[in-house]
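So you can see what is in the structure, the chains are spelled out below.
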Amino acid sequence: MLTQLIPAADFLKLTLDNPDGLAPFQFTLDNGTSVQVWDSGVICFEPYGATNEDVVLSCGVHGNETAPIEICAAIVKDILNERLAPSVRLLVLFGNPPAINAGSREITENLNRLFSGHHSKGAGLINAERRRAKALEQYVSQFYQQSRVTNQATRNRSLYDLHTAIRGSRFEKFAVCPFLHGKPWRKAEFAFLAACDVHTVLLMQTPATTFSYYASNEHEAHSFTIELGKVKPFGQNDMARFGRADSSLRALIRNEPVKAGAFDAEKFNMYKVYRSIVKQTQDFKLHFANDIENFTSYPPGTLLATDGDIEYRVEQEGEALIFPNAKVAIGQRAMLMVVPASVADNLA
Ligand code: ZN
């Protein structure tokens, strides 16, 4: 039956053959796992036994970020082939199927700037990415609300949105922790990141339009945007570099105690946002090499960018730059400046 519904257990192929939508269907595996396909790129697994864990894994929110797509596609295939039996409720999302097909970051708009209702602001639901952002929010809401345990307070929600960065990074892997509105950072979550070989965390200080902030703010999910390395085309990723992330995600899905490792602040590079540089004119220009790595820092006073008459220089010792992109639209963030930070004062 499975081979008729999802040929070769290849849900990514089924998704990419039907990028604009898929009629829902469901079936049960021999091991009792319930499988529900909700849409193109949206597949939900319910384990046979009871669980308090609701895990969302997303990839392909940027269509050319292939390594996380390959990791998630292999996980789904192994679940469908009963080589991996989930012990948690699991929703796997392939974010932007048309962009994955096109091998591009986006078709018309950056999907990861459209969450928390921004899909419907301004001109409204005018393109596929805006409609997809709204649909993904609805699927995440449906997933977190639909559970076998009636006492919602006992449930542990998480969402890991997997990406790869456009440029290289001084720290190859890093996570972005959305703004928590004063709620404590979680040792167990940092321990999970460490298990994924992620030892650098950027702590955001303001609300954002990202998927991870949406999950954290709307659903109180423990949530991160995880950057696993540099963008490469399909088939050109050295999957060995993602081995620890892959095995930790699989352990999470089997509900093994992957989050129980001790948190050691000494082993982390924690940064917080110091300032966000927004492009204001067409003349915005970066004054460093194009292939600069994320988290590069320069001495105070160094000229970083000009924007018409405005000059941006390094203001603080240790200030580092991240996500520089002069090509963004006017009014969008062209670069973030970050400084070393500590989480010691608000850790649970
Ligand atoms: Zn991305």
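Residues numbered from 1 in each chain as written. Predicted model: local features only at pLDDT ≥ 70, side-chain atom pairs only at ≥ 80, totals over all residues. Heavy atoms only, no water.

### Some details on the coordination of the zinc ion
And step 1. Summarising the metal site, the zinc ion is bound by the protein donors H62 (ND1), E65 (OE), E65 (OE) and H163 (ND1), whose distances to it range over 2.0 to 2.3 Å.
And step 2. One can describe the site at the zinc ion as irregular: its four donor atoms subtend angles covering 58 to 144° at the metal.
And step 3. For the zinc ion, the donor residues sit on a single chain with the sequence spacing H-x2-E-x97-H. (Donors = N, O, S within 2.8 Å, 3.2 Å for Na, K, Ca; no water. Tetrahedral: all angles 85-135°; square planar, octahedral: opposite > 155°, others 65-115°.)

### Focus on the packing of aromatic side chains
And step 1. Here the structure, examined in full by the defined rule, presents 18 aromatic pairs.
And step 2. Taking 6.5 Å as the distance between ring centres and 25° as the angle between the ring planes, the aromatic pair formed by F288 and Y298 counts as stacked. Pair noted here: F288 is in the loop between β11 (285-286) and β12 (296-297) and Y298 is in the loop between β12 and β13 (303-307), with a separation of ten residues, a long-range link.
And step 3. F288 sits in the buried class, given a relative accessible area of 14%.
And step 4. An aromatic cluster of at least three residues, connected via ring pairs, comprises F171, F174, Y271, F295 and F323.
And step 5. A cation over a ring is seen here: R89 above F143, with NZ or CZ 4.3 Å from the ring centre. (Phe/Tyr/Trp six-rings, centres within 6.5 Å; stacked < 30°, edge-to-face > 60°. Helix = DSSP H or I, 4+ residues; strand = E, 2+ residues; numbered from the N terminus. Buried < 20%, exposed > 50% of the residue type's maximum accessible area, 1.4 Å probe, protein only. Lys NZ or Arg CZ within 6 Å of the ring centre and 35° of its normal.)

### Here's the deal with the environment of N127
And step 1. Tracing the sequence through the fold places N127 in the loop between α4 (97-102) and α5 (128-145).
And step 2. Ignoring anything within four residues of it in the chain, the contact list for N127 reads T108 and E109.
And step 3. A polar side-chain atom of N127 sits 3.1 Å from the main-chain amide nitrogen of E129.
And step 4. Side-chain polar atoms of N127 contact the backbone nitrogen of R130, separated by 2.8 Å. (Contact = heavy atoms within 4.5 Å. Polar contact = N/O pair within 3.5 Å; in protein donor to acceptor, adjacent residues only side chain to side chain.)

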